[in-house]
Amino acid sequence: TMALIDNFRSVIGHALTGTFYPVLQQAIGFGSAFEGWTAREKEVAYHVLIPLTPPLGHTFHLERDTDQQKPGRNFRVRVELECSCPREHQGVNLLCFLHHPDVIRRRTRQPNLLDSLCTGFYLDVQKIVIWFCTLLRASWRHLPQSRSWHLVLLASTRSCNLRLNNDQESFLVKVLFGVRRHTSDIFITSRPQGAQTPSTMWPETYAVAETKFFRHMARQTPQDSSHLKCLQLLACVLVRKDFSIHSVKTIIMHLLNTVPVSRWHRKYFLLQLSDALEQLRLSLEEEHLEHFILGNQRLPEEIRLPQDVQRAKPPNLFHGLVQDPAAHSQAMQAYLDL
């Protein structure tokens, strides 16, 4: 999957040489398929993030959205033209993107990023998705995979979804786009946040950091560790009871970060399963489950967080149960029915 996406990126990157579209960085796989577990028995879905960096003559500035009514932490990506004038001749250099954009446009016959993939001054998710899918469709026949796989592009406004199949198998790839926050493992991405996410809004995501945590734990736990089997079993069972898969994953991540790694040996499988269910019961009773990444001061050093993420107050993933007593009662009954 990653080889396929990187092949796409390479072909598209070659086609974009000399243009002022976003620069596509190496794709990052995240989510359950890259962590070694899955909650669904049918088709496996691979989630891939392609980081974007600004093209020549442009800069990205991330602006935090202050609307408290919207769920999560959200940003907008303000695109600005960069001044390339020599300091002593400000405004004279005819190749300056900021002061002479018309000259650049006329000489290169290429629009700048503000003209192509922005709404106003802000990077537009939907325009980026349409642009990338168009490039992907045009480049498919140049890839070696096209000789043995059939590609179908699925409609979506905030991601590029592709289904690949041949005579033996089929799988789904969901491509998201994002901008890295500083040099951290936190990105703002095209993933939707609620039903009505504006096209210039980029929600902050912690999925890459979570996948990095699982890879870290894979190196720390015993070779025959049971933590992924425990997570997969719980996710498969609890998702049928309308529990959020992410809440189950969060409980396992908290346990992985606190229980000694030796206790994840397969001989302790039933004990760890019991501990996870008990933690779920306590969280439901208290109507409180802390986010694993936001505000976590005890993450492995290799997981890099911006200071505001590290110092944030961890949000309560069960906040909805506090606001809705009926939903809380239903969740408790679903747990007891297990």
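Residues numbered from 1 in each chain as written. Predicted model: local features only at pLDDT ≥ 70, side-chain atom pairs only at ≥ 80, totals over all residues. Heavy atoms only, no water.

Per an unreviewed UniProt entry, the chain goes by IPIL1 protein and derives from Cinclus mexicanus.

1. Points about the overall build of the chain
Stated precisely, the cut-off is as follows: Helical segments are the DSSP runs of H or I of at least four residues, strand segments are the runs of E of at least two, and each set is numbered from the N terminus. Exposure categories follow from relative accessible area, calculated using a 1.4 Å probe and restricted to protein chains: below 20% of the type maximum is buried, above 50% is exposed, and the middle band is partly exposed. Whether two residues are in contact is decided by their heavy atoms: any pair within 4.5 Å suffices. Computed with a 1.4 Å probe, the accessible areas rest on the Shrake-Rupley method; for each residue, only the protein chains presented here act as cover. His is not counted, nor are the chain ends; Lys and Arg add positive charge and Asp and Glu add negative charge. Charge positions are represented by NZ for Lys, CZ for Arg, CG for Asp and CD for Glu.
Each helix and strand in the chain was counted, giving twelve helices and twelve strands. On the principal axes, the C-alpha backbone points of the chain span a range of 70 × 50 × 40 Å. Here the chain holds 338 residues, and 46% of them are scored as buried. Considering only contacts in the chain between residues 6 or more positions apart, those separated by 24 or more positions represent 61%. Surface summary for the chain: the accessible area is close to 17,700 Å², and the carbon and sulfur share equals 50%. Charged side chains of the chain number 38 positive and 31 negative; the gap between the two group centres comes to 6 Å.

2. Structural notes on the packing of helix H1 (residues 2-15) against helix H5 (residues 125-139)
The line we're drawing: Only the contacting stretch of a helix is used when fitting its axis, a line to C-alpha atoms as for every element, and angles between N-to-C directions run 0 to 180 degrees. Our angle categories are set so that under 35 degrees counts as roughly parallel, over 145 as roughly antiparallel, 65 to 115 as roughly perpendicular, and the remainder as oblique. Charged means Asp, Glu, Lys or Arg here, nonpolar means Ala, Val, Leu, Ile, Met, Phe, Trp, Tyr, Cys or Pro, and polar covers whatever is left, Gly included.
Two elements in contact, H1 and H5, have axes whose closest approach is 10 Å; the angle formed by their N-to-C orientations is 95°. It follows from the interaxial angle that H1 and H5 lie roughly perpendicular. Contact residues: H1 offers Phe8, Val11 and Ile12, while H5 offers Phe132, Leu135, Leu136 and Ser139. Broken down by class, the residue content of the contact of H1 with H5 amounts to six nonpolar, one polar and no charged.

3. Quick word on the environment of Pro71
Looking at where Pro71 falls in the secondary structure, it is placed in the loop between strand S4 (58-64) and strand S5 (74-81). Using a relative accessible area of 45% as the deciding quantity, one classes Pro71 as partly exposed. Pro71 sits 132 residues away from Pro203 along the chain, and the two C-alpha atoms are 9.1 Å apart.

4. Thoughts on the packing of aromatic side chains
Rule in force here: In this analysis, rings of Phe, Tyr and Trp, with Trp reduced to its six-membered ring, are considered paired at centre separations within 6.5 Å, and the interplanar angle assigns stacked below 30 degrees, edge-to-face beyond 60, and tilted for intermediate values. Two limits define a charge over a ring: the Lys NZ or Arg CZ must be within 6 Å of the ring centre, and within 35 degrees of the ring normal.
The final tally for this structure, using the stated rule, is eight aromatic pairs. Here Phe132 and Phe177 contribute two aromatic rings whose centre-to-centre distance is 5.0 Å and whose plane-to-plane angle is 65°, an arrangement assigned as edge-to-face. Taken together, the residues span a long stretch of sequence, with Phe132 in helix H5 and Phe177 in strand S10 (residues 170-180) at a distance of 45 residues. For Phe177, a relative accessible area of 0% gives the class buried. By way of ring pairs, the aromatic residues Phe34, Tyr46, Trp149 and Phe171 are connected into one cluster. We note Arg76 situated over the ring of Tyr122; from NZ or CZ to the ring centre the distance is 3.9 Å. Above the ring of Phe121, the side-chain terminus of Arg78 is found at 4.6 Å from the ring centroid.

5. Some details on the domain arrangement of the chain
Quick reminder of the rule: Per the annotation, domain bounds derive from an automatic or database assignment of domains. Summed over both partners, the accessible area (1.4 Å probe) lost when two parts come together is defined as the buried area. Salt bridges, as used here, are contacts in which a Lys or Arg side-chain nitrogen is within 4 Å of a carboxyl oxygen on Asp or Glu.
The domain architecture assigned to the chain consists of domain 1 (1-205) and domain 2 (221-337). Domain 1 and domain 2 are separated by 31 Å when their C-alpha centres are compared. With 16 residues of domain 1 in contact, the opposing surface of domain 2 contributes 18 residues. For the pair domain 1 and domain 2, the summed buried area comes to about 1,400 Å², and 57% of that belongs to carbon and sulfur atoms. Close ionic contact of Lys249 with Glu35 constitutes a salt bridge, the shortest N to O distance being 3.0 Å.

6. A short note on the nonpolar core
Grouped burial of nonpolar side chains is what soluble globular proteins tend to show. Stated formally: Grouping buried Ala, Val, Leu, Ile, Met, Phe, Trp, Tyr and Cys residues that are joined through side-chain atoms within 4.5 Å yields what is termed a nonpolar core.
With 45 residues, the main nonpolar core has Phe132 and Phe177 as its most contacted residues. Those elements that place two or more of their residues in this core are H1, strand S3 (45-53), S5, helix H4 (113-116), H5, strand S9 (160-165) and S10. Counting residues per element, this core draws most heavily on H5, which supplies seven residues. Contact partners of Phe177, with chain neighbours within four places excluded, come to Leu49, Ile50, Leu52, Ile128, Val129, Phe132, Cys160, Ile188, Thr189, Ser190 and Trp202. With 42 residues, the next largest nonpolar core counts Ala209, Ile251, Leu280 and Leu284 among its residues.

7. Details of the layout of surface pockets
For the record, the criterion: A cavity here means a set of 1 Å grid points, computed over protein atoms only, where a 1.4 Å probe fits but cannot escape. A pocket is an open set with protein on both sides within 12 Å along at least 5 of 7 lines, and lining residues have an atom within 4 Å of a point. Grid points are joined across faces, edges and corners, and a volume is the space filled by probe spheres set on the points.
Empty space within the second largest pocket amounts to approximately 200 Å³. Among the secondary structure elements, those contributing two or more residues to the lining of the second largest pocket are S3, S4 and S10. Per-class residue counts for the lining of the second largest pocket are six nonpolar, four polar and one charged.

8. Examining the side chain of Ser184
Put simply, the rule is: Residues adjacent in sequence count toward polar contacts only when both atoms are side-chain atoms; beyond that, a polar contact is any pair of N or O atoms within 3.5 Å, and within protein one must be able to donate a hydrogen and the other to accept it.
Mapped onto the elements of the fold, Ser184 is located in the loop between S10 and strand S11 (187-189). Among the polar contacts listed, one links the side chain of Ser184 to the backbone oxygen of Arg181, at a separation of 2.7 Å. Here Ile186 takes part through its backbone nitrogen, which lies 3.1 Å from a polar atom of the side chain of Ser184. Once residues lying within four places of it in the same chain are set aside, the contact partners of Ser184 are Arg304, Leu305 and Pro306.

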